[in-house]
Amino acid sequence: MSRIGRMPIAVPADVTVTIAENNQVTVKGPKGTLERVLPAEMEIRQEGAEILVTRPNDLKKMKSLHGLTRTLINNMIIGVTQGYTKTLEINGVGYRAAKSGKKLTLTLGYSHPVEMTDPEGLESVVDGNKITVKGIDKEKVGQYAAEIRSKRAPEPYKGKGIKYEDEVIRRKVGKTGKK
């Protein structure tokens with residue numbers, strides 16, 4: 001059995017989970033509502049304040065879908081109760097970010113400022129050289145943070161660019177002059 005897949009998912013008191021046909025799972029909580037269609041092969045059932053995911057057989061595909069399905073449901077429950085955040089740091093002389101309404105403006109050493117609009121359901125907050133992306137959908141938060149980072153990924157010599165807060169940049173030694 002999958003170690004992750006067989007663990008029951010605890011449903012908090014302020015969260016309602018609805019399982020429709022074709023494994024369409026809807027999770028409603030204090031922060032919002034998330035909806036997702038999960039693999040039809042998996043059997044998802046609610047027993048009291050717990051959700052159990054079982055697989056029909058031990059084929060390789062079913063084994064991999066088992067843990068995935070359980071984790072996706074768990075991420076939805078965490079999202080509507082606590083939400084998700086990703087923090088990015090901007091390093092470099094003259095590199096900065098500004099926020100006006102839903103528009104994020106990045107000055108990253110290009111000849112023009114890079115403008116990005118917050119996607120539906122996400123919010124970005126600028127605090128000095130830090131950008132925090134907040135939302136209830138883990139996938140969307142990670143994707144938007146990755147898109148912001150891709151505008152100027154950190155380079156290995158001086159570490160200039162946009163990096164995740166917990167990311168470690170492997171530095172390289174620069175050129176040395178002849179003597």
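What you see is a predicted model, and the numbers here were worked out from it, not measured in a lab.

Participant: Give me the lowdown on the overall build of the protein chain, citing residues and values where you can.
Facilitator: A tally of helices and strands in the protein chain yields 2 helices and 13 strands. In terms of C-alpha radius of gyration, the protein chain reaches 21 Å, well past the compact-globule figure of 16 Å for 179 residues. A principal-axis box enclosing the C-alpha atoms of the protein chain has dimensions of 70 × 45 × 25 Å. Within the span of the protein chain, comprising 179 residues, buried residues form 36% of the whole. For the protein chain, long-range pairs separated by at least 24 residues make up 50% of all intrachain contacts whose partners lie at least 6 apart in sequence. Summing over all exposed atoms, the protein chain offers an accessible surface of approximately 11100 Å²; the carbon and sulfur share of this is 50%. Mean positive and mean negative side-chain charge positions of the protein chain (32 and 21 charges, respectively) differ by 11 Å.

Participant: Residues and numbers for the sheet that holds strand β9 (residues 103–107), please.
Facilitator: With respect to topology, 3 strands assemble into an open sheet ordered β8-β9-β10, the strand pairing being antiparallel. What marks the edges here is a single partner per strand, and that holds for β8 (96–100) and β10 (114–117). On average, each strand axis in the sheet is inclined to that of its neighbour by 20°, with strand direction left out of account. In this sheet, β10 lies alongside β9 in antiparallel orientation, the contact comprising 4 bridges. The residue bridging Leu104 from the neighbouring strand is Met116, located in β10.

Participant: Talk me through the pattern of salt bridges; I want residue IDs and the actual numbers.
Facilitator: Under the defined criterion, the tally for this structure stands at 10 salt bridges. Between Glu47 and Arg45 there is a salt bridge; the shortest N-O distance is 2.9 Å. A salt bridge links Lys163 to Glu89; the shortest N-O distance between them is 3.5 Å. Here the residue Lys163 occupies a position in strand β13 (residues 161–164), and Glu89 occupies one in strand β7 (residues 84–91), the gap between them amounting to 74 residues. Across the pair, Glu89 and Lys163 agree in class, each one buried. Beyond isolated ion pairs, a larger network of salt bridges with shared partners links Glu43, Arg45 and Glu47.

Participant: Describe helix α1 (residues 60–81), and please don't skip the residues or the numbers.
Facilitator: The end-to-end C-alpha separation of α1 is 33 Å, in line with the 32 Å expected for 22 residues at 1.5 Å each. Where α1 ends, the next residue or the one after it, Gly83, has phi of about 85°, a positive value.

Participant: Account for the side chain of Asp118, naming residues and giving values.
Facilitator: With respect to the secondary-structure elements, Asp118 resides in the loop between β10 and β11 (122–127). A polar contact of 2.9 Å, which involves the side chain of Asp118, links it to the side chain of Ser124. Setting aside residues up to four positions removed in sequence, Asp118 forms contacts with Lys99, Lys102, Glu123, Ser124 and Tyr144.

Cut-offs used in this document
Residues numbered from 1 in each chain as written. Predicted model: local features only at pLDDT ≥ 70, side-chain atom pairs only at ≥ 80, totals over all residues. Heavy atoms only, no water. Helix = DSSP H or I, 4+ residues; strand = E, 2+ residues; numbered from the N terminus. Rg over C-alpha atoms; globule rule 2.2 N^0.38 Å. Buried < 20%, exposed > 50% of the residue type's maximum accessible area, 1.4 Å probe, protein only. Contact = heavy atoms within 4.5 Å. Areas by Shrake-Rupley, 256 points an atom, 1.4 Å probe, with all protein chains shown as cover. Lys, Arg positive; Asp, Glu negative; His and termini not counted. Charge placed at Lys NZ, Arg CZ, Asp CG, Glu CD. Pairing = 2+ DSSP bridges. Axes fitted to C-alpha atoms, helices over the stretch in contact; angles between N-to-C directions. Salt bridge = Lys/Arg side-chain N within 4 Å of Asp/Glu carboxyl O. Expected span 1.5 Å × (residues − 1). Polar contact = N/O pair within 3.5 Å; in protein donor to acceptor, adjacent residues only side chain to side chain.

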